[in-house]
Amino acid sequence: MSSPAPTPLSDSQINAFRNDGAAVLRGVFSPWVDTLRAGIERLMADPSPLERSYQPQGSAPFFQDLCNWQRIPEFRTFIERSDIGSLAAQLMGAREVRFFHDHVLVKEPGTSLVTPWHQDRPYYCARGPKTVSFWIPLDPVPAANALECVAGSHRWGRDHKPMRFDGTPLYAGDESTPMPDIDAARENYRILAWDMAPGDAVAFDFGTVHGAAATVGAIDRRRVFSARLVGDETTFADRGGKGSPPFSHLSLHDGDPLVGDDFPLLYPAPA
């Protein structure tokens, strides 16, 4: 597949991302849907040591795996040859864009597991003013089963305590502020969610509070490829190898520029 011409984003899309912390981008990855579907099938047949799947009692499995772009050729092709770097640069207003990591999420029909409200930033070993995740569904997803984002939460000025799916803190002794009970007072928040088609994407800041409702009664599979990218002035945040993903093999020190083979430069495109 040849590299497509860079997709210009509208001012309204860029402003929505910067002001709300999340924006929907229609059809930007449609040419890559089959490639990413094939990559997910390859991954599920041979998961990595970072696989984090869940199967609540009486529910269908929820498959997750991270950091596989270097060993799954379809993922590498997408990252290196799509215009994801250019899209990220436009949204963030960045001079340079590096890939951070990939995350695959597959909810099988009937999966009822809730993705709790959280921010990604306190889980990550990345610290910087310009960040973006692309949540890319490879199947049709109604808004009721799609990603939800709390508009403006990336501007709240704090990172809330990161928790594991089992309800325990990710970091021992963490005294940061717990996430508010958003579901108990949804009327107090502007919650964004969209009906999604394969190849659409939700772009959101690492600081944006987001989650996903239980998919009780879902009759279709929901495959999602999520790509995380960072812009100018991003540095390594030492999480003691306990972040998600852990990146425990890195030799970087806290405050070092986030560079290296794990984080390839995507924009401007290397020669």
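Higher on the page you've got the structure.
Each chain carries its own residue numbering, running from 1 in the direction its sequence is written. The model is predicted, so local features are restricted to residues of pLDDT at least 70 and side-chain atom pairs to those at 80 or more, both for listing and for counting; the totals for chains, interfaces and linings are taken over all residues. Excluding hydrogens and water, the side-chain figures rest on all heavy atoms present in the structure.

### Topic: the pairing of strand 6 (residues 131–137)
Partly exposed residues are those whose accessible area sits between 20% and 50% of the maximum for their type, while under 20% is buried and over 50% is exposed, using a 1.4 Å probe and protein chains only. Under the DSSP-based scheme used, a helix requires at least four consecutive residues in state H or I and a strand at least two consecutive residues in state E, with every element numbered from the N terminus. Among the seven residues that make up strand 6, seven are buried, leaving the element largely enclosed by the rest of the structure. Side chains of strand 6 alternate between two faces, with Thr131, Ser133, Trp135 and Pro137 and Val132, Phe134 and Ile136 buried alike. In this sheet, strand 11 (residues 222–230) lies alongside strand 6 in antiparallel orientation, the contact comprising seven bridges. The partner of Ser133 across the bridge, within strand 11, is Arg228. A pair of strands is labelled paired if DSSP reports no fewer than 2 bridges between them. Bridge analysis of strand 6 against strand 9 (residues 201–204) gives three bridges, and the strand direction is antiparallel. The residue of strand 9 that forms the bridge with Trp135 is Val202.

### Section: the sheet that holds strand 8 (residues 191–192)
Reading across from one edge, 4-10-7-8 is the order of the four strands in this open sheet, with antiparallel pairing throughout. Each edge of the open sheet is held by one strand with a lone partner, namely strand 4 (115–118) and strand 8. Where strand 4 meets strand 10 (residues 210–212), two bridges bridge the pair, whose relative direction is antiparallel. Bridge assignment links His118 to a residue of strand 10, and that residue is His210.

### Notes on the pairing of strand 3 (residues 97–107)
Counting buried residues in strand 3 gives 10 out of 11 residues, a clear majority hidden from the surface. As judged from the two bridges shared by strand 3 and strand 13 (residues 265–267), these two strands associate in the antiparallel manner. Its bridge partner lying in strand 13, Val97 is registered against Tyr267. By the bridge criterion, nine bridges tie strand 3 to strand 11 in an arrangement that is antiparallel. Its bridge partner being in strand 11, Arg98 is matched across the sheet by Val230.

What is shown is where atoms sit, not what they do.
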